[in-house]
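# Observations on the three-dimensional arrangement
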Amino acid sequence: DMPNTATNAEAFVYGQALVAGMDLTREWANRPGNHATPAKLAETARQIVRQANATAHKKTFMCEILDRAKVEKLGMGAFLSVAQGTDEPLRFIVLQYQGAAARQQPIVFVGKGITFDSGGISIKPGAGMDEMKYDMCGAAAVLGAFRAVAELGLAVNLVGVIPACENMPSGRAVKPGDIVTSLSGKTIEILNTDAEGRLILCDALTYAERFEPETVIDVATLTGACVIA
């Protein structure tokens, strides 16, 4: 929130940054699955960093994109299981912003990035399935937050972690009853492949531990049961 003592000029800059972040989030959330693939999300993350580092707040942003080979090497078996049914390459996106002293523990945003969720083998009903392009709204929100921070140059340390992939049915797709091993070393029996969000997020949350965060904020469109509850 803006402090009550903020000048009109400061309030304008803050509002401008907030709108820029919201606009980016809305744009990517609304894009159809073929125009908001994991690779396209990763490129948007790179663009945010390039633009931010071209401003007065130089050398404060970093972006690392992990492909399938790197994710396999890390041992993210839960994330990999969701992505194995699609031809669209997965991306594990890591954004970092250092606006405070290096010793200050960061805030970590983890954003769910299922760019299209068919449900996999446990396929969803056809009616309304087009709206499953929205299953990456958590990822879009994290990108938007970094866009706003880039405008403001806040005195915080921030990390954004986005596991991005599609959840699709195919001959390679994970099956109900399959058992996978997560990055934490825990084994998981997958009873419903449409419970994919917790699979990609658990590996992302384990990965986030390496940053020794002060706070972790998980952003996701997880399940319609939340609405019912």
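Before going into details, it helps to say that this report is about the structure given with it.

Two aromatic rings, taken as a pair, are described by how far apart their centres are and by the angle between their planes. Considering all chains together, one arrives at five aromatic pairs under this definition. A ring pair is formed by F61 and F146, whose centres lie 6.3 Å apart and whose planes are at 65 degrees; its orientation type is edge-to-face. Placement of the pair is F61 in strand β1 (residues 61-66) and F146 in helix α5 (residues 137-152), with a sequence separation of 85 residues. For the pair F61 and F146, one class covers both residues: buried. Summarising the aromatic geometry, the rings of F79 and F92 are spaced 6.0 Å apart at their centres and angled 55 degrees between planes, so their arrangement reads as tilted. One end of the pair, F79, is in helix α4 (residues 77-83); the other, F92, is in strand β2 (residues 91-98), with 13 residues separating them in the sequence. Judged on exposure class, the residue F79 and its partner F92 are both buried. A network of ring pairs unites the aromatic residues F79, F92, Y207 and F211 as a single cluster.

Here we take up the side chain of K133. Secondary-structure assignment places K133 in the loop between β4 (113-117) and α5. Here K133 is buried and forms no salt bridge, its nearest opposite-charge partner D130 lying at an N-O distance of 6.2 Å. Looking at K133, its side chain comes within polar contact range of the main-chain oxygen of N30, at 2.8 Å. When neighbours within four sequence positions are excluded, K133 is seen to be in contact with A29, N30, R31, P32, G33, T115 and F116.

Reading the values: rules and limits
- Residues numbered from 1 in each chain as written.
- Predicted model: local features only at pLDDT ≥ 70, side-chain atom pairs only at ≥ 80, totals over all residues.
- Heavy atoms only, no water.
- Phe/Tyr/Trp six-rings, centres within 6.5 Å; stacked < 30°, edge-to-face > 60°.
- Helix = DSSP H or I, 4+ residues; strand = E, 2+ residues; numbered from the N terminus.
- Buried < 20%, exposed > 50% of the residue type's maximum accessible area, 1.4 Å probe, protein only.
- Lys, Arg positive; Asp, Glu negative; His and termini not counted.
- Salt bridge = Lys/Arg side-chain N within 4 Å of Asp/Glu carboxyl O.
- Polar contact = N/O pair within 3.5 Å; in protein donor to acceptor, adjacent residues only side chain to side chain.
- Contact = heavy atoms within 4.5 Å.

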